[in-house]
Amino acid sequence: LKRAARLAPAPCRWNSGLPMNIGVLFVPQQEAWVVERMGKFHRILEPGLNFLIPLLDRIRYVQSLKEIVINVPEQSAVTLDNVTLQIDGVLYLRVMDPYKASYGVEDPEYAVTQLAQTTMRSELGKLSLDRVFRERESLNASIVDAINQASDCWGIRCLRYEIKDIHVPPRVKESMQMQVEAERRKRATVLESEGTRESAINVAEGQKQAQILASEAEKAEQINKAAGEANAMLVKARAKAEAIQLLAAALSQQHGNAAASLSVAEQYVNAFSKIAKDSNTVLLPANTGDVTNMVAQALGIYTTLTKPQAVKTQDEMPPAHENSHSPATEVLKAEQGSSS
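Residues numbered from 1 in each chain as written. Predicted model: local features only at pLDDT ≥ 70, side-chain atom pairs only at ≥ 80, totals over all residues. Heavy atoms only, no water.

## Regarding the pattern of salt bridges
The test is simple: Any carboxyl oxygen of Asp or Glu within 4 Å of a side-chain nitrogen of Lys or Arg constitutes a salt bridge here. Strands are runs of DSSP state E lasting at least two residues, helices are runs of H or I lasting at least four, and both sets are numbered from the N terminus onward. Throughout, exposure labels follow a simple rule: accessible area from a 1.4 Å probe, protein chains only, divided by the maximum for the residue type, with under 20% read as buried, over 50% as exposed, and the rest as partly exposed.
This structure, assessed with the given rule, holds 7 salt bridges. Linking Asp57 and Arg37 is a salt bridge whose minimum nitrogen-to-oxygen distance equals 2.5 Å. Residue Asp57 is found in strand S5 (residues 57-64), and its partner Arg37 is found in strand S2 (residues 31-37); the two are separated by 20 residues along the sequence. With relative accessibility at 3%, the residue Asp57 sits in the buried group. Take Arg37: its relative accessible area is 28%, and that puts it in the partly exposed class. With its nearest N and O atoms 3.8 Å apart, the salt bridge here joins Arg197 to Glu198.

See the structure below:
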């Protein structure tokens, strides 16, 4: 049995079997055949045509130079906050030195897989659960660096490591979902409050602008109104001045005083006719029915106001005939006759 074990061919990695030495061999591309002569390493056959001595030379190992994919079995790992996770991954390897890969380690695949699992456990123990999901890329890079440092003497290089699945315990998963929901509700509340604040700010800004525009419009209206009133007062003053000038010119003409007396008497009578129209309270003189007396009083008031002018006019004009009757006296007599 021992002799049979010594003569049994060595296990071939990533190949179904070892080729036989028939003297002339053709090595496929991206493969390296390790040849031993009389049990000692002789050389590595390159792709293409190669010649060996039968019985003395023996193909001991066949190494594939292609990129190799290895599934890392699912394993348990504890995070920094004491949460147990189930993680599996995928390794991407390549044989860089066929001699080291053949004589440096007995089973490179198994060695690299175990190294990846232990490195993954140690790296996960440095991270909390939240950081495990956020820093998967940095975790993969750390595992690749750790594997390359150990597998350099094996002639194997780890190109990539990818975490396939992370399984979280059901209770932790429920708490994570509740946390996510609470975070989303918090964001919704914050966004709603910010929207309310922006809306209030916009409304206040609009009211402010409206008040400013209203005050400016009111100011402009008051300015325009004051300017209009000033212009109206000036126009009224000019009209009143012109009316006074025309009245003075009319009084200075012949029979002007008589016409003025008649006008005053008419206004006095019209005033008494409108007394009871605007208010229920009426104040009347004792001799309201005596129209002649009222007209005489009005003429007396007018005579008193125009007396200085009348004296001046008499000084300038020649005296009239004593028996002549003034037009005002004739007008009064006519009104007395009509009223009687």
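## Quick look at the sheet that holds S2
What counts is decided by this rule: DSSP-based pairing: two strands are paired if at least 2 bridges between them are found. A fitted line through C-alpha atoms represents every axis, and for helices the fit uses only the stretch in contact; the resulting angles, taken between N-to-C directions, go from 0 to 180 degrees.
With respect to topology, 3 strands assemble into an open sheet ordered S3-S2-S5, the strand pairing being antiparallel. If you trace the sheet from one side to the other, it starts and ends with strand S3 (40-45) and S5, each paired once. Sheet twist, expressed as the average angle between the axes of neighbouring strands with direction ignored, equals 25°. In this sheet, S5 lies alongside S2 in antiparallel orientation, the contact comprising 7 bridges. Across the sheet, residue Glu36 finds its bridge partner in S5, namely Arg58.

## As for the packing of aromatic side chains
Selection rule: Two rings from Phe, Tyr or Trp (for Trp, the six-membered ring) form a pair when their centres sit within 6.5 Å of each other. Planes less than 30 degrees apart are called stacked, planes more than 60 degrees apart edge-to-face, and all others tilted.
Taken as a whole, this structure holds 4 aromatic pairs when the rule is applied. Ring centres 4.8 Å apart and planes at 65° place the aromatic pair Phe41 and Tyr99 in the edge-to-face group. Of this pair, Phe41 sits in strand S3 while Tyr99 sits in helix H2 (residues 98-103), and the two are 58 residues apart along the sequence. Look at Phe41 and you get partly exposed, because its relative accessible area is 32%. Plain terms: the ring middles of Tyr99 and Tyr103 are 5.1 Å apart, the flat faces sit at 45° to each other, and that makes the pair tilted. A residue pair is termed a helical-turn pair when its members lie 3 or 4 positions apart in one helix, as Tyr99 and Tyr103 do in helix H2 at 4 residues. Among the residues examined, Tyr99 registers a relative accessible area of 38% and is labelled partly exposed. Ring-pair connections join several aromatic residues into one group, and the members of that group are Phe41, Tyr61, Tyr99 and Tyr103.

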